[in-house]
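Listed below, chain by chain, are the residues.
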Amino acid sequence: MNSPNILRPFSNHFIFRALHYTFIAFQLRDELMRSNPSKQRPRSYLEWQPFVLWLNHVMLTYAGDILVNVMLGSLPLEPLSNVHDVILCTLTWYLIFYSPFDWAHAVARTVAFRMLATPITAISQVVHIDRGIQLAGKMYGNNALVPILIIGTIVGSGAEFLKPVAALLINRCQLTNAAYVKLSTNSKVSFCIALVFVLQLNQSQWLFGLSRRQLHIYVLIVLILFKYLSMACRMDHLIWKLEKHLCYAFFGGLSADLAKFFKCPAHFENLFKTAKLQHLLHNHRA
């Protein structure tokens with residue numbers, strides 16, 4: 001028995017999928033609340049275009065499967081053919097956005113729900129990345145490291161890569177034009193996991209002989225711990241500071257400062273003029 005046979009039944013379970021869809025809807029609504037331009041009516045953006053909000057929720061929910069099918073030449077919207085699953089996704093979206101007295105959103109904001117949803121999102125991410133890596137390996141071959149790594153990264157952070165499209169719809173709903181693309185912490189974590197799975201796919205000795213099942217379990221444990229640490233402390237800020245220092249050291253910042261220090265024409269010209277003036281004064285006094 002291999003690892004996917006252990007993890008996939010969890011990801012396909014009714015309760016698992018319901019909690020996963022609820023957490024995605026909760027994240028979408030919180031993002032909308034942070035970018036809401038209307039301060040007088042905080043729920044006004046929910047009343048403008050409910051179909052657009054539902055479409056965004058569906059896109060973000062099935063982003064990993066959609067992107068896998070697009071990059072591997074399959075039907076992109078095939079995941080939406082499961083009517084019962086789409087109905088469950090729609091029901092969780094409706095409860096988070098439009099439940100009476102906002103009770104569903106209030107429950108989703110609790111720490112207990114977030115603690116419960118964290119391992120669920122971790123399992124889903126590991127399963128999606130493993131599926132993308134295996135399918136890409138069958139199509140491109142195990143030696144095509146770059147395509148496999150790109151597919152694994154995009155699949156693991158599918159919602160992040162579809163957010164610009166969702167942002168266009170949301171911001172059009174809010175009568176603004178702002179939409180941006182950035183590599184989030186979740187995308188960087190997906191890249192690291194995809195890199196580990198690519199090494200396992202090629203039977204690399206860097207993994208010290210770990211089997212596929214053991215590797216999935218260890219990756220899942222580390223990912224859950226990382227998500228819990230992100231909830232407890234500002235891991236995103238620490239990662240951003242580390243990246244800032246690395247970018248400064250290796251991508252132009254340090255070299256630009258050294259160039260300013262050693263190649264400052266105005267500074268050296270002033271020094272030369274001062275030295276020449278002092279030499280002339282010394283000769284004049286002599």
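An account of the accompanying structure is given in this report. (Residues numbered from 1 in each chain as written. Predicted model: local features only at pLDDT ≥ 70, side-chain atom pairs only at ≥ 80, totals over all residues. Heavy atoms only, no water.)

1. Examining the overall build of the protein
Put simply, the rule reads: We count a stretch as a helix when DSSP gives it H or I for four or more residues in a row; a strand needs E for two or more, and each element gets its number in order from the N terminus. Contacts were defined at the residue level, with two residues in contact if any of their heavy atoms lie within 4.5 Å. Computed with the Shrake-Rupley method and a 1.4 Å probe, the accessible areas treat only the protein chains shown as cover for residues.
Secondary structure summary: the protein contains 15 helices and zero strands in total. Here the contacts in the protein between residues at least 6 apart in sequence split such that 73% fall between residues at least 24 apart. Summed over all atoms, the accessible surface of the protein reaches about 17800 Å², with 68% contributed by carbon and sulfur.

2. With respect to the environment of His105
The line we're drawing: Definition of a polar contact: a pair of N or O atoms within 3.5 Å, with one able to donate and the other able to accept a hydrogen when the atoms are protein atoms, and with sequence-neighbouring residues admitted only if both atoms are side-chain atoms.
Summarising the element assignment, His105 is placed in helix H7 (residues 103-108). Along the primary structure His105 and Thr22 are separated by 83 residues, whereas in three dimensions their C-alpha atoms are 9.2 Å apart. Among all residues touching His105, those that are not within four sequence positions of it are Phe26, Arg29, Asp30, Met33, Ile96 and Ser99. Engagement of the side chain of His105 in a polar contact is seen with the side chain of Asp30, the distance being 3.3 Å.

3. So, the side chain of Asn69
Heads up, the condition is: The rule is simple: take the accessible area with a 1.4 Å probe, protein chains only, and divide by the maximum for that residue type; under 20% is buried, over 50% is exposed, in between is partly exposed.
Along the chain, Asn69 turns up in helix H5 (residues 63-71). Using a relative accessible area of 6% as the deciding quantity, one classes Asn69 as buried. Setting aside chain neighbours within four positions, we find Asn69 in contact with Ser74, Leu75, Pro76, Glu78, Pro79 and Arg131.

4. Observations concerning the packing of aromatic side chains
Inclusion rule: Aromatic contacts are taken between Phe, Tyr and Trp rings whose centres are within 6.5 Å, Trp giving its six-membered ring; a plane angle under 30 degrees counts as stacked, one over 60 as edge-to-face, and the others as tilted.
Evaluated as defined, the whole model comprises nine aromatic pairs. Each ring, one from Tyr21 and one from Tyr62, has its centre 6.2 Å from the other, and the planes form 45 degrees; the classification is tilted. Here the residue Tyr21 occupies a position in helix H2 (residues 14-34), and Tyr62 occupies one in the loop between helix H4 (50-61) and H5, the gap between them amounting to 41 residues. Here Tyr21 and Tyr62 have matching classes, each one buried. Ring geometry for Tyr94 and Tyr98: centres 5.7 Å apart, planes at 40 degrees, overall tilted. Pair noted here: Tyr94 and Tyr98 are both in helix H6 (residues 83-98), with a separation of four residues, about one helical turn.

5. Some thoughts on helix H13 (residues 235-250)
We apply this condition: Multiplying one less than the number of residues by 1.5 Å gives the expected span of a helix.
For H13, built from 16 residues, the straight-helix expectation of 22 Å at 1.5 Å per residue is met to within 8% by its first-to-last C-alpha distance of 22 Å. Trailing H13 by a residue or two, Gly252 shows a phi angle of about 105 degrees, which is positive.

6. Points about unusual backbone geometry
Look at Phe101: it is not a glycine, yet its phi comes out positive at around 60 degrees. Owing to a relative accessible area of 87%, Phe101 belongs among the exposed residues under this scheme. A positive phi angle, close to 60 degrees, is found at Asp102, a residue other than glycine. For Asp102, the location among the structural elements is in the loop between H6 and H7.

7. As for the packing of helix H8 (residues 111-140) against helix H11 (residues 185-201)
The condition is simple: An axis is simply a line fitted to the C-alpha atoms; with a helix, the fit covers only the stretch in contact. Between two such axes, the angle follows the N-to-C directions and lies from 0 to 180 degrees. Convention used here: angles under 35 degrees read as roughly parallel, angles over 145 as roughly antiparallel, angles from 65 to 115 as roughly perpendicular, and any remaining angle as oblique. Whether a crossing is left-handed or right-handed is set by the direction in which the near helix is turned from the far one by less than a right angle, anticlockwise for left-handed and clockwise for right-handed. Under the scheme applied here, ten amino acids are nonpolar (Ala, Val, Leu, Ile, Met, Phe, Trp, Tyr, Cys and Pro), four are charged (Asp, Glu, Lys and Arg), and all others, including Gly, are polar.
Two elements in contact, H8 and H11, have axes whose closest approach is 10 Å; the angle formed by their N-to-C orientations is 50 degrees. Here H8 is positioned oblique relative to H11, judged by the angle of their axes. Where H8 crosses over H11, the handedness of that crossing is right-handed. Note on element contacts: H11 touches H8 through Asn186, Val189, Ser190, Ile193, Ala194, Phe197, Val198 and Leu201, opposite Gln125, Val126, Ile129, Asp130, Ile133, Gln134 and Gly137. Considered class by class, the residues forming the contact of H8 with H11 number nine nonpolar, five polar and one charged.

8. Observations concerning the environment of Val126
Residue position: Val126 is located in helix H8. When the C-alpha atoms of Val126 and His216 are compared, they prove to be 7.5 Å apart, with 90 residues separating the residues in sequence.

9. Thoughts on H8
Taking 1.5 Å of rise per residue, the 30 residues of H8 would be expected to cover 44 Å, and the 43 Å separating its terminal C-alpha atoms lies within 8% of that figure. Phi turns positive one or two residues past the end of H8, at Gly141, with a value near 95 degrees.

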